[in-house]
Amino acid sequence: MKKLFHLLLMALLGLSYIVVPTSSAKAEGMDDLIISEYVEGSSYNKALEIYNGTGESVDLSDYTMELYTNGNTNPQYTFPMSGELSDGEVYVLTHSSAGDELQAIVDVNSTVTNFNGDDVVVLKNDNGAVDSIGQIGATEEFGKDLTLVRKAEVITGDRDPENAFQVREEWDTYNKDTFEYLGSYEMPEEEEADLQTVVDARQTEEGTTVRVEGVVTAAFEAGGQTNLYIQDETAGIIVRAPGLNIHPGDRVQAQGETSDYYGMAQLLTSSASVEVIESDAGIPQPEVVDSSQFSPSNGEEVEGEFVQVNHMEITDKNQHGEFTAKDEKGKFLIQPQNEEMLNVGDTFEQVKGVVDYSFNEYKLIPRTESDLIEEVFAVTADPEAGAVVQGTEVALDTAEPDATIHYTTDGSEPTAESRKYEFPIVITKDTTVKAVVVRANGDTSKVAVFSYTALKALDDVEIHDIQGASHTSPYEGEQVKGVEGIVTKLDGNNGFYIQSLTPDDDIATSEGIYVYKRSSGLETGDVVSVTGKVTEWREEGYYDAADLLTTQISASEVSVVSSNHPLPDPVVIGVDREQPTEVVEDDQMESFDPTTDGLDFYESLEGMLIELPEPKVTGPVKYDELPVYVETKEDQGFTRAGGLLISPEDYNPERMLIDVDGFDVKAKTGDYFDDSITGVVSYDYSNYKIRVAGDLPELQDGNTKRESAKLKGLKPKMTVATYNMENFHAGTDPEKVQRIAESMVENLNTPDVVGLVEVQDNNGPTDDGTVQANESYQTLIDAIVEAGGPEYEYTDIAPLDKADGGQPGGNIRVGFIYNPERVALTDKPSGDAVTAVDVDEDGLTLNPGRIDPLNEAFEDSRKSVAAEFEFNGEKVVVVANHFNSKGGDGALFGSEHPIVLGSEVQRQKQAKVLNDFVEKVEDRMDNSNVVVLGDLNDFEFSAPVQTLKGDVLTNMMEELPEEERYTYIYQGNSQVLDHILVSNHMAKRTKVETININSDFSEADGRASDHDPVLAQIHLK
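Model, not experiment: these values are computed from the prediction.

Visitor: How do you make sense of the overall build of the protein chain when you look at a structure like this?
Guide: What the protein chain contains, in helices and strands, is 11 helices and 67 strands. Along the longest, intermediate and shortest principal axes, the C-alpha atoms of the protein chain span 100 × 75 × 75 Å. The burial tally for the protein chain puts 54% of its 1021 residues in the buried class. Within the protein chain, residue pairs in contact and separated by at least 24 positions form 67% of the contacts whose partners lie at least 6 positions apart. Total accessible area on the protein chain is roughly 43,300 Å²; 43% of this is exposed by carbon and sulfur atoms. Here the protein chain carries 74 positive and 194 negative side-chain charges, and the mean point of each set is 7 Å from the other.

See below:
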């Protein structure tokens, strides 16, 4: 609709284009609308263009545009269009906040253009999809910072938005914020510049339009675009454009504007302006150089060229992944695409690559590992060795000039008389290739040995072949054909699980697999034949988690062989297969041991139907996950509620998480099922999951009751508690407030001092600069009085705004409430957020006071607060803590083993600060008594808690009976996170209880927080 206006606008802007009208053949055969342009520009500069080339006007009210974001399979926005679009015209949609240049072209503003480069747009009418960009359910960034313009020959839209989307097949790609083609289907044709040499092009002024020809020597993806290194007989240069499908060895002509990227000469262009004029023309021989030619004075001569350096050693590596190499002339930098390609100490007789320039340094960029030649007079193979599909071709090579390769495949030693290598070796069975290089003078290299395991042909594979005895498929990336199985479970409209009807006898290879194919129309019991690509898919999870991948087939074709078959018998856990009950993974994933390692056990059942006979519940539902177990080791530690306790050697791999999304399940620890649960083994969020197949049996009541304390405050005995109240503030739900208050009175017997954890400011997560929490404390104090308890007083130190981590805006902190009828807060000046409390013979110098709050150990974490109380004439220093969380640590069932406990480093530092402070109190304060309590976010046997304890404190949690030693349940594992430690001389006069009123229960059963409180009774003298 805006075509005429746009062409006039181009003329007014003086753009140097010749408008070439589209030929009638261009639109001939177009039977419906197509999306002709896609703009994913900066900020809100987003747009879509729709073209009508049908030969007649089209009523747009018959069409809608849908936007699918973030891999979702349902549209987030749907825009019903209106009006009439004449033949040969375009209709432009853009974002309402787009810039003036787009607003001058637009027909309508719509939120359907609120997309990013990985979001999918679909044009629909009553018959379904008419055209689409992207693949529904996928998250690949196909259009980030790009303008896509439909190629002239495309006359039919992509009507299957669920198939793989390839930009290069139908679209020309242009750089971000390219708007000049929007609003008109006719593409302006740029005047062709005169062809010139690369060296002449390099010498033009920046921004000059030039045309060059050269052979591609390397191609790298960088910043969503392709950097082609091309060279002719005169020099080399980078041709940079998005969406290029061009390979080393191709001869190309490219036209674009010269650019200087931090000193590196480039030619900026689009995919439409780079033409392959000869495929596989051959890569020129590299120019042999030495380290001196990478100097600032010499590097310009070889910048962008394909070169070779001889006889070097890797001597160093910096934090940017750059390696220092040394040859006989000096040192220079090498920057491989993958840091794992090089190690300090490596030596090479030859290294090839292209010369790059950045950050004032010339660098050698090897293209692949084949550019790193340890020994010239030797044979290399591609692929090097290992499992390969039958029919794979193995290419042998040598860097030795004017030499021949001779090889054997029968196990014999090769000589100069053995078969001469002339063509790739085809692997049809397990094969060992032995090869030598022979010089013209008869010298023979040492024998190189390459062993290959031949996998079944791609059209002759079973599910167990695809799964393999491993966490990744040996067929990953391959297109398999005609894989048969029976549909055991549907995954909504996204896909389905199939299981083999011809299993093998190897328990290590799963017989089930997930098939991604939307809108398949299948039913359970269908026997199907599947053709598609084997992929290792990252299921839903936290963006920074190191998760395992799920083997699946992304199907291009699914056909039903027959229907209404009974499903295969599930694998009965504890009967057909025995679970590992102690080891999750003990060999850094170097071997696959499903009989001993829990990680490998579940992988060996991935996608298969399993049956859990009469499973027992070991924690409440969280995130739609119900933790259960079937069998344990004989000496398994249990809580008094029947939960599974962790130990340093046993994190209970027998726990299984049932996906109860869609089921109404209210469970508590100790509940159980009388009947079996059947489901398929899947994975997400760093854990294997059981997706229920069929109905979930009725949950039986295990009669677990909320605990009440036996300990109470007596005349000579003081009681102290710690309670993590889970983001408590003045606006907390009144029912939760009431539950916590009643628990203080009825379950904890109104402790004399309570160290409160996760107290937020007065308006909680509202981020408006509020830091005071007086109303939050008063809300709790009033509720305790209403519940029949005493009128507590409180003390705390408000943090600096957004300085202590936790829920954004909440300004989480630790603090105290205390019963003034039993204890007194000694009268001293109160500290502030940044001043460190000290200690003298009279006790704390500030009351309360923060402990070394500016120490790096407490950066973006809750600061520890010490308060001095007096009870029966005795002073007691109570330190409340909330150590940094375990967020970001590796998961038990993640892909990193041994597990990386990154968060532990900060807790170790915090523990050391606290231990030093306690030692100071013990050394300086007369008649010192210290209680350290709170949520330490670690276990009683962990390194940080042991550091905190040191030689001066006793952790009373270690004195509890085993079945009481838990305050938190994480994914079915009962564990101690909340602790009370006391000075060693107080330990024999201190008793402690965990009051398990929350962790075992759902909110329906009375839960008020995710942590249990801990209560100590101390007999002070």
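Visitor: Before we go on, may I ask you to explain the environment of Gln-906 in this structure?
Guide: By the secondary structure assignment, Gln-906 is in helix α10 (residues 904-924). Note: C-alpha distance between Gln-906 and Ala-857 (49 residues apart in sequence) is 5.8 Å. If near-sequence neighbours (up to four positions away) are discounted, Gln-906 is found in contact with Glu-856, Ala-857, Phe-858, Glu-859, Ser-861 and Asn-884.

Visitor: Sorry, what's going on with the sheet that holds strand β37 (residues 495-499) here?
Guide: Strand pairing within a sheet occurs via backbone hydrogen bonds; the two strands may be parallel or antiparallel. Pairing is mixed in the closed barrel, where five strands are placed in the order β36-β37-β38-β40-β39. Pairs of neighbouring strands in the sheet enclose a mean axial angle of 55°, with direction left out of account.

Visitor: Can you help me understand the sheet that holds strand β9 (residues 108-109) in this one?
Guide: If you trace the six strands from one edge of the open sheet to the other, you get β9-β8-β3-β2-β12-β13, paired in mixed fashion. The open sheet is flanked by β9 and β13 (171-175), the only strands paired with a single partner.

Visitor: Just checking my understanding: could you explain the side chain of Ser-132 for this structure?
Guide: Looking at the element boundaries, Ser-132 is found in strand β11 (residues 128-133). Engagement of the side chain of Ser-132 in a polar contact is seen with the backbone oxygen of Asp-158, the distance being 2.8 Å. Not counting residues up to four positions away in its chain, the partners in contact with Ser-132 are Ile-35, Val-121, Val-122, Asp-158, Asp-160, Pro-161 and Phe-165.

Visitor: Would you mind going over the packing of aromatic side chains with me for this structure?
Guide: What describes a pair of aromatic rings is the distance from one ring centre to the other and the angle between the planes of the rings. Summed over all chains, the structure comprises 23 aromatic pairs. With 5.0 Å between their ring centres and 75° between their planes, Tyr-542 and Tyr-685 make a pair best called edge-to-face. Note that Tyr-542 is positioned in the loop between β39 (527-537) and β40 (550-562) and Tyr-685 in the loop between β48 (677-684) and β49 (687-692), a separation of 143 residues in sequence. Taking relative accessible area as the criterion, Tyr-542 reaches 46% and is therefore assigned partly exposed. A residue is classified by how much of its surface remains accessible, and Tyr-685, at 33% relative accessible area, is partly exposed. When the centroid spacing of 6.1 Å and the interplanar angle of 85° are considered together, the rings of Tyr-688 and Phe-893 count as edge-to-face. Highlighted residues: Tyr-688 in strand β49 and Phe-893 in the loop between β60 (874-882) and α10, separated in sequence by 205 residues. Taking relative accessible area as the criterion, Tyr-688 reaches 6% and is therefore assigned buried.

Visitor: What is the right way to read a nonpolar patch on the surface from this model?
Guide: A cluster of nonpolar side chains, namely Tyr-542, Tyr-623 and Tyr-685, defines an oily patch on the protein surface of about 370 Å² accessible area. With respect to the helices and strands, Tyr-623 occurs in the loop between β43 (616-617) and β44 (625-629). Assessed through its relative accessible area of 62%, Tyr-623 is described here as exposed.

Visitor: How should I be thinking about the pairing of β39 in this particular structure?
Guide: On a regular strand, each side chain points to the face opposite its neighbour's, so the side chains alternate between the two faces of the sheet. Of all 11 residues that make up β39, nine are buried, and the element is covered over most of its length. The pairing of strand β36 (residues 479-491) with β39 spans six bridges and is classified as antiparallel. Across the sheet, residue Ile-486 finds its bridge partner in β39, namely Val-527. One ladder, built from 11 bridges, connects β39 with β40; its direction is antiparallel. Across the sheet, residue Val-528 finds its bridge partner in β40, namely Val-560.

Visitor: I would appreciate a short explanation of unusual backbone geometry in the present structure.
Guide: Among all residues except glycine, the phi angle is most often negative; among peptide bonds, the trans geometry is most common. Here the amide bond leading from Asn-847 into Pro-848 is cis, since omega sits at 0°, within 30 degrees of zero. With an omega of 5°, the peptide bond running from His-897 to Pro-898 counts as cis. Mapped onto the fold, Pro-898 is located in the loop between β60 and α10. Despite not being glycine, Asp-402 shows a phi value in the positive range, around 55°. As for its position among the elements, Asp-402 is in the loop between β30 (392-397) and β31 (404-408). Exposure remark for Asp-402: the relative accessible area of 75% places this residue in the exposed category.

Visitor: Before we go on, may I ask you to explain the nonpolar core in this structure?
Guide: Buried together is how nonpolar side chains tend to be arranged in soluble globular proteins. In terms of nonpolar packing, the biggest core is built from 30 residues, with Met-718, Val-720, Val-753, Phe-816, Phe-869, Val-878 and Val-931 touching the most fellow members. Among the elements of the structure, β51 (717-728), β52 (753-759), β54 (813-818), β59 (865-871), β60, β61 (930-935), β65 (978-983) and β67 (1014-1019) are those that each provide at least two residues to this core. Looking at this core element by element, the count peaks at four residues for β59. With sequence-adjacent residues up to four places away left out, Val-878 is seen in contact with Val-720, Phe-816, Val-865, Ala-866, Ala-867, Phe-869, Val-931 and Leu-933. In terms of nonpolar packing, the next biggest core, distinct from the first, is built from 29 residues, Phe-601, Leu-612, Val-630 and Ile-690 among them.

Visitor: Before we go on, may I ask you to explain the packing of helix α8 (residues 734-747) against helix α9 (residues 774-786) in this structure?
Guide: Angle between the axes and distance between the axes are the two parameters that describe a pair of packed helices. The contact between α8 and α9 brings their axes to 8 Å, and the two run at 60°. In this view, α8 runs oblique relative to α9, as classed from their interaxial angle. Here α8 runs over α9; the crossing is right-handed. Contacts between α8 and α9 pair Val-737, Ile-740, Ala-741, Met-744 and Val-745 from the former with Thr-779, Leu-780, Ala-783 and Ile-784 from the latter. Class assignment of the residues belonging to the contact of α8 with α9 gives a composition of eight nonpolar, one polar and no charged.

Visitor: In this structure, what is going on with the pattern of salt bridges? I would like to understand it.
Guide: When the charged atoms of two side chains lie near each other, side chains of opposite charge can form a pair. With the rule as written, the count across this model stands at 51 salt bridges. Between Asp-701 and Lys-668 there is a salt bridge, and its shortest N-O distance comes to 2.7 Å. Here Lys-668 lies in the loop between β46 (656-659) and β47 (672-673) and Asp-701 lies in the loop between β50 (699-700) and β51, a separation of 33 residues in the sequence. Take Lys-668: its relative accessible area is 9%, and that puts it in the buried class. One salt bridge in this structure joins Arg-924 and Asp-838, with 3.2 Å as the shortest N-O distance. Of this pair, Arg-924 sits in helix α10 while Asp-838 sits in the loop between β55 (824-825) and β56 (839-840), and the two are 86 residues apart along the sequence. A network of salt bridges, in which partner residues are shared, links Glu-625, Asp-659, Asp-684, Lys-689 and Arg-691.

Visitor: Can you help me understand α9 in this one?
Guide: Side chains of residues three or four places apart in an α-helix project in the same direction, reflecting 3.6 residues per turn. Compared with an ideal rise of 1.5 Å per residue, which puts 13 residues at 18 Å, α9 spans 18 Å between its outermost C-alpha atoms and is within 8% of the ideal. Three or more residues of α9 are buried, namely Ser-776, Tyr-777, Leu-780, Ile-781, Ala-783 and Ile-784. Axial view of α9: buried residues confined to an arc of 165°, hence all on one face. For α9, the elements touching its buried residues are β51, α8, β52, β53 (793-796) and β54. Just downstream of α9 lies Gly-788, where phi reads positive at about 100°.

Visitor: Teacher, can you tell me more about the environment of Leu-901 here?
Guide: When you line up the elements, Leu-901 lands in the loop between β60 and α10. Along the chain, Leu-901 and Ala-891 lie 10 residues apart, while their C-alpha atoms are 9.0 Å from each other.

Visitor: Mind showing me how you'd approach the side chain of His-95 here?
Guide: If you trace the backbone, His-95 turns up in the loop between β8 (90-94) and α3 (100-103). According to the relative accessible area criterion, His-95 is buried, its value standing at 9%. Once residues lying within four places of it in the same chain are set aside, the contact partners of His-95 are Tyr-44, Lys-46, Gln-103, Asn-109, Ser-110, Thr-113 and Asn-114.

Visitor: Mind showing me how you'd approach α8 here?
Guide: The terminal C-alpha atoms of α8 lie 19 Å apart, and with 14 residues this matches the ideal 20 Å at 1.5 Å per residue to within 8%. Those residues of α8 that are buried lie in contact with β51, β52, α9 and β54. A positive backbone phi angle near 60° is found at Asn-749, which sits one or two residues after α8.

Visitor: Whenever I open this one, a negative patch on the surface confuses me. Can you help?
Guide: Together, Asp-782, Glu-786, Glu-791, Glu-793 and Glu-821 make up a negatively charged patch on the protein surface. Within the secondary structure, Glu-793 sits in strand β53. A relative accessible area of 38% means that Glu-793 is categorised as partly exposed.

Visitor: For this particular structure, what's the right way to read the pairing of β48?
Guide: Most of β48 sits out of view: seven of its eight residues are buried. Bridging between strand β42 (residues 609-612) and β48 involves four bridges; their strand directions are antiparallel. Bridged to Ile-610 within β48 is Gly-679. Here β48 runs beside β49; their pairing, made up of six bridges, is antiparallel. Bridging across to β49, Tyr-683 finds its partner in Tyr-688. Between β48 and β49, which pair antiparallel and follow one another directly, the connecting turn spans two residues, one of which, Tyr-685, has a positive phi of 45°.

Reading the values: the criteria
Residues numbered from 1 in each chain as written. Predicted model: local features only at pLDDT ≥ 70, side-chain atom pairs only at ≥ 80, totals over all residues. Heavy atoms only, no water. Helix = DSSP H or I, 4+ residues; strand = E, 2+ residues; numbered from the N terminus. Buried < 20%, exposed > 50% of the residue type's maximum accessible area, 1.4 Å probe, protein only. Contact = heavy atoms within 4.5 Å. Areas by Shrake-Rupley, 256 points an atom, 1.4 Å probe, with all protein chains shown as cover. Lys, Arg positive; Asp, Glu negative; His and termini not counted. Charge placed at Lys NZ, Arg CZ, Asp CG, Glu CD. Pairing = 2+ DSSP bridges. Axes fitted to C-alpha atoms, helices over the stretch in contact; angles between N-to-C directions. Polar contact = N/O pair within 3.5 Å; in protein donor to acceptor, adjacent residues only side chain to side chain. Phe/Tyr/Trp six-rings, centres within 6.5 Å; stacked < 30°, edge-to-face > 60°. Patch = residues over 30% accessible without salt bridge, like charges linked within 9 Å, V, L, I, M, F, W, Y side chains within 5 Å. Salt bridge = Lys/Arg side-chain N within 4 Å of Asp/Glu carboxyl O. Core = buried A, V, L, I, M, F, W, Y, C linked by side-chain atoms within 4.5 Å. Parallel < 35°, antiparallel > 145°, perpendicular 65-115°, else oblique. Left-handed = near helix turned anticlockwise from the far one by under 90°. Nonpolar A, V, L, I, M, F, W, Y, C, P; charged D, E, K, R; others polar. Expected span 1.5 Å × (residues − 1). Arc of directions from axis to C-beta.

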